[in-house]
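Given next are the chains, with one letter for each unit.
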Amino acid sequence: MNKKRKEKRSILPQAAAGALLAAVIVFCIMLNVEKNAMAAYEKGKILVASGDIAKGTVLTAENADEYLEEKEIDKNLIPQAAIADAEQIYQQMTVQKLDKGTMITKAMLQDLDKMLQDMSEPVVAGFKAEDLYQVVSGTLRSGDRIHIYTVDLDTRSTYLVWENIFIREVFDGSGVMIGAEDKVTAAQRINIVMEKENVEQFYSELAAGSLRVVKVME
């Protein structure tokens, strides 16, 4: 009897140690599962459009609060090209219309400074709608591209002079800038970006009334 009791007593510590080890293993497994579950639902910050943003809108430090808002979503749903910091997109222009709630990504924007890098000496030239014959019925907006033609007033022949000229800003008759989202107000004053070497010819032909404009459709 004493021998059996001793055997039982010797087994008890082993059983307790085994149970403790099993409990530790189960705890570690559960901890790892919980950690993986939490990682799967880890949140990340992104920028989304707080309202509809028209194509050709230039995003700046001044209008960021008007057009953008920060949100947190599941990190697994955030694309690599998504933008989280508004400062990364200052002085960039939307290349498409962005609906309210759209997640902002790099492909939706065009860096104005990089766009001008391909030009030798870019300058901003301005003209009034009345200076040109039929300036696309006042529909030009920031971000649009135009082709400029000249008409030989003697032969009435038309020639392409400059193509894909970038519209920087447009204004109404009072000098108030027209936003890209405004589809009603007629553009009366237009600023374009062109090479400095072409400005003299541009204004000479503008004064002669020989220039015509067509809008590039995208």
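Per-chain confidence: the chain averages 83 in pLDDT, with 81% of residues scoring 70 or above. For the chain, per-element mean pLDDT is lowest for helix H1 (residues 2-40), which scores 60, and highest for strand E9 (residues 189-195), which scores 94.

Moving on to the environment of Val 123. Along the chain, Val 123 falls in strand E6 (residues 122-128). For Val 123, a relative accessible area of 25% puts it in the partly exposed group. Between the alpha carbons of Val 123 and Glu 195 there is a distance of 6.1 Å; along the sequence they are 72 residues apart. Ignoring any residue separated from it by four or fewer positions in sequence, one finds Val 123 in contact with Ile 192, Val 193, Met 194, Glu 195, Lys 196 and Val 199.

This brings us to the environment of Gln 201. Relative to the helices and strands, Gln 201 is located in helix H4 (residues 199-208). Separated by 40 residues in sequence, Gln 201 and Val 161 place their C-alpha atoms 10.0 Å apart. If we skip the residues at most four places from it in the chain, Gln 201 touches Val 161 and Trp 162.

This paragraph deals with the sheet that holds strand E5 (residues 109-111). Taken in spatial order, the 3 strands line up as E2-E4-E5 in an open sheet, and their pairing is antiparallel. Unpaired on one side and paired on the other, strand E2 (58-59) and E5 mark the two borders of the sheet. Alignment of strand E4 (residues 92-94) against E5, held across 3 bridges, turns out to be antiparallel. What sits directly across from Gln 92, in E5, is Asp 111.

Glancing now at the nonpolar core. By size, the foremost hydrophobic cluster in this structure holds 22 residues, and its most contacted members are Phe 127, Ile 146, Ile 148, Ile 190, Ile 192, Met 194 and Phe 202. Listed by contribution, the elements that provide at least two residues to this core are E6, strand E7 (145-151), strand E8 (158-171), E9, H4 and strand E10 (211-215). Counting residues per element, this core draws most heavily on E8, at 4 residues. If near-sequence neighbours (up to four positions away) are discounted, Ile 146 is found in contact with Leu 140, Trp 162, Glu 163, Asn 164, Ile 165, Ile 167, Ile 192, Val 213, Val 214, Lys 215 and Val 216. Leu 59, Ala 86, Leu 98 and Ile 104 belong to the second-largest nonpolar core, a separate cluster that totals 14 residues.

Turning to the sheet that holds E7, a few remarks are in order. The strand order E6-E9-E8-E7-E10 describes an open sheet built from 5 strands, whose pairing is antiparallel. The open sheet has two edge strands with one neighbour each: E6 and E10. The average undirected angle you get between the axes of adjacent strands in this sheet is 40°. Bridge count between E7 and E8: 6 bridges; the pairing is antiparallel. Looking across to E8, one finds that Thr 150 is bridged to Tyr 159. The strands touched by H4 are E6, E7, E8, E9 and E10; relative to E6, the strand with the most contacts, the crossing angle is about 10°.

Basis of the calculations
- Residues numbered from 1 in each chain as written.
- Predicted model: local features only at pLDDT ≥ 70, side-chain atom pairs only at ≥ 80, totals over all residues.
- Heavy atoms only, no water.
- pLDDT = per-residue confidence, 0-100.
- Helix = DSSP H or I, 4+ residues; strand = E, 2+ residues; numbered from the N terminus.
- Buried < 20%, exposed > 50% of the residue type's maximum accessible area, 1.4 Å probe, protein only.
- Contact = heavy atoms within 4.5 Å.
- Pairing = 2+ DSSP bridges.
- Core = buried A, V, L, I, M, F, W, Y, C linked by side-chain atoms within 4.5 Å.
- Axes fitted to C-alpha atoms, helices over the stretch in contact; angles between N-to-C directions.

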